[in-house]
Amino acid sequence: MNQTSLEYRVARLEALRAIDDLIADLGRAFDAGPSASALRPLFSDDAVFHIDQYGSLSGRDMIADGVAGNADSGFCWTLHYLVSPKIVLADELNSAEIEFYLWEVASAASGRAYWIGGRYLATAIQGAERWMFRSLELQADLISHYPQGWLPKPDVLADA
């Protein structure tokens with residue numbers, strides 16, 4: 001396909017938008033428990049998720065089940081902000097190199113609150129039905145305990 005054709009340009013924009021959706025779906029799946037059933041379709045069968053210095057998970061099922069299983073001993077509540085994606089599509093529009101930032105608040109199973117910040121490096125491929133991660137790597141720059149912890153939302157905003 002000619003890279004200057006309207007057809008190619010539209011297909012490129014559709015791919016970029018689908019990858020944006022993939023990133024958004026990742027954050028929502030992490031924040032939904034995390035949900036193994038929501039994570040599973042986001043990864044290829046041969047995907048690898050490297051989690052900073054804490055280890056790696058290989059394969060769609062191990063990633064989904066491993067991340068979801070972490071809620072019992074690791075982070076049981078999270079709020080992910082996945083922002084500023086930089087997406088470099090292959091000329092064939094079937095794969096991409098991706099980098100995006102992470103800002104997260106989290107609660108550990110121990111009850112401790114954390115601030116987490118860093119970046120994700122990823123590769124994605126066009127699957128039969130959707131874009132999927134083939135590799136995902138978290139590079140955490142900040143994992144900091146927040147001693148005050150998360151307080152309940154106030155009933156009213158006084159002195160705002």
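See the structure above.
Small disclaimer: the values here were computed from a predicted structure and weren't measured.

(A) Focus on the overall build of the chain. Helix and strand counts for the chain stand at 3 helices and 6 strands. Ordered by position from N to C terminus, the α and β elements of the chain give α-α-β-β-α-β-β-β-β. Across the 160 residues that make up the chain, the buried fraction comes to 38%. Here the chain displays about 9,400 Å² of accessible surface, and carbon together with sulfur accounts for 52% of that area. The average position of the 12 basic charges and that of the 22 acidic charges among the side chains of the chain differ by 3 Å.

(B) Geometry of helix α3 (residues 60-69). Of all the positions in α3, only Arg60, Ile63, Ala64 and Val67 are classed as buried. Down the axis, α3 shows its buried residues gathered within 95 degrees of arc, on one side only. Buried residues in α3 make contact with α1 (6-31), α2 (36-39), β1 (43-51), β2 (56-58) and β6 (131-146).

(C) Representation of the sheet that holds strand β5 (residues 113-126). In spatial order, the strands read β2-β1-β6-β5-β4-β3; together these 6 strands make up an open sheet with mixed pairing. Of all the strands in the sheet, just β2 and β3 (75-89) have a single pairing partner and so form its edges. Adjacent strand axes in the sheet meet at a mean angle of 15 degrees when their direction is disregarded. Taken together, the 3 bridges between β1 and β2 define a ladder with antiparallel strand orientation. Of the residues in β2, the one forming a bridge with Phe49 is Leu57. Contacting β1, β3, β4 (95-108), β5 and β6, α1 crosses the sheet at an angle of about 165 degrees to β3.

Rules used throughout
Residues numbered from 1 in each chain as written. Predicted model: local features only at pLDDT ≥ 70, side-chain atom pairs only at ≥ 80, totals over all residues. Heavy atoms only, no water. Helix = DSSP H or I, 4+ residues; strand = E, 2+ residues; numbered from the N terminus. Buried < 20%, exposed > 50% of the residue type's maximum accessible area, 1.4 Å probe, protein only. Areas by Shrake-Rupley, 256 points an atom, 1.4 Å probe, with all protein chains shown as cover. Lys, Arg positive; Asp, Glu negative; His and termini not counted. Charge placed at Lys NZ, Arg CZ, Asp CG, Glu CD. Arc of directions from axis to C-beta. Contact = heavy atoms within 4.5 Å. Pairing = 2+ DSSP bridges. Axes fitted to C-alpha atoms, helices over the stretch in contact; angles between N-to-C directions.

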